[in-house]
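# Coordinate inspection notes
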Amino acid sequence: MSTESTKPAPSQEAIVAQFQQLRNDQRNLANNLNTLEMDLREHKTVIETLKLADPDRKCFRLIGGVLCERTVKEVLPQLVENQDFIAQTITLITEDLSKKGTELNKFKEEHNIKIRGEHLGAEGGKDAETSGSKSENRNVLVSN
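No experiment lies behind these values; they were computed from the predicted model shown.

With that out of the way, let us pick up the overall build of the protein. The helix and strand inventory of the protein stands at four helices and four strands. The helix and strand sequence of the protein, counted from the amino end, reads α-β-β-α-β-α-α-β. Looking at the protein as a whole, 24% of its 144 residues are labelled buried. Contacts in the protein between residues far apart in sequence, at least 24 positions, make up 65% of those at least 6 positions apart. As displayed, the protein has an accessible area near 10900 Å², and 51% of this comes from carbon and sulfur atoms.

Okay, structure coming up:
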């Protein structure tokens, strides 16, 4: 019956699992950012098109899976508002992504994690061309 007041050091597997979770979080943020940027481009295209249309012309808008008939003058302000909201969200997610990257780098340095193939650079590229085994080891997680 020994009682220790200090926490035991996390195992290598736990450290690797936590690192992989951080990488997955970063990937998810990047995917969300990509999706929002595509939505923003679509909104810009639709807004530009509707600005040229007659304000009393009817148009259709998909809201929650339901196609609603409206007029251009009703839809255009809503689209501009959505566009602004998407732009603000993109800014927030970009900040979160950079924070997650900083957190990931700090975790890597703290636990001395190296990823094979990460620092290939110019000489690594030449080696990879000459030996096929180098390219097989790319992006393998190594923890010391």
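Of the pairings in the sheet, the one linking strand 1 (residues 58-63) to strand 2 (residues 66-71) comprises six bridges and is antiparallel in character. Residue pairing for strand 2: Lys 58 is matched across the bridge by Thr 71. A loop of two residues connects strand 1 with strand 2, the two strands running antiparallel in sequence, and Gly 64 in this loop sits at a positive phi of about 60°.

This part covers unusual backbone geometry. Phi is positive for Asn 112, close to 50°, though the residue is something other than glycine. Looking at where Asn 112 falls in the secondary structure, it is placed in the loop between helix 2 (72-110) and strand 3 (113-116).

Helix length check: helix 1 (residues 12-52), at 41 residues, gives a terminal C-alpha distance of 61 Å against a target of 60 Å (1.5 Å per residue), a fit within 8%. Inspection of helix 1 places Ile 15, Phe 19, Leu 22, Leu 29, Leu 33, Leu 36, Leu 40, His 43, Ile 47 and Leu 50 among the buried residues, and these make up the whole buried set.

Under the counting rule described, the total for this entry stands at three salt bridges. Across the pair Lys 100 and Asp 25 runs a salt bridge whose closest N-O atoms are separated by 3.7 Å. Within this pair, whereas Lys 100 is found in helix 2, its partner Asp 25 is found in helix 1, the two being separated by 75 residues in sequence. Looking at Lys 100, the relative accessible area reads 15%, which means it is buried. Measuring nitrogen to oxygen at the nearest pair gives 3.6 Å for the salt bridge that ties Glu 103 to Lys 100. Placement of both Glu 103 and Lys 100 in helix 2 is noted, with a separation of three residues, approximately one turn of the helix. One network of salt bridges, in which partners are shared, links Asp 25, Lys 100 and Glu 103.

Turning our eyes to something else, we now look at helix 2. Helical geometry: 3.6 residues make up each α-helical turn, so side chains three or four residues apart lie on a common side. Between its first and last C-alpha atoms helix 2 spans 56 Å; for 39 residues at 1.5 Å apiece the expected length is 57 Å, and the two agree. Note on helix 2: the residue one or two positions beyond its end, Asn 112, has a positive phi of about 50°.

This part covers the packing of helix 1 against helix 2. Between helix 1 and helix 2, the shortest axis-to-axis distance is 8 Å and the interhelical angle comes to 160°. Taken together, helix 1 and helix 2 sit at an angle that is classed as roughly antiparallel. The crossing of helix 1 and helix 2 is left-handed. In terms of residue class, the contact of helix 1 with helix 2 is made up of 23 nonpolar, nine polar and ten charged.

Basis of the calculations
Residues numbered from 1 in each chain as written. Predicted model: local features only at pLDDT ≥ 70, side-chain atom pairs only at ≥ 80, totals over all residues. Heavy atoms only, no water. Helix = DSSP H or I, 4+ residues; strand = E, 2+ residues; numbered from the N terminus. Buried < 20%, exposed > 50% of the residue type's maximum accessible area, 1.4 Å probe, protein only. Contact = heavy atoms within 4.5 Å. Areas by Shrake-Rupley, 256 points an atom, 1.4 Å probe, with all protein chains shown as cover. Pairing = 2+ DSSP bridges. Expected span 1.5 Å × (residues − 1). Salt bridge = Lys/Arg side-chain N within 4 Å of Asp/Glu carboxyl O. Axes fitted to C-alpha atoms, helices over the stretch in contact; angles between N-to-C directions. Parallel < 35°, antiparallel > 145°, perpendicular 65-115°, else oblique. Left-handed = near helix turned anticlockwise from the far one by under 90°. Nonpolar A, V, L, I, M, F, W, Y, C, P; charged D, E, K, R; others polar.

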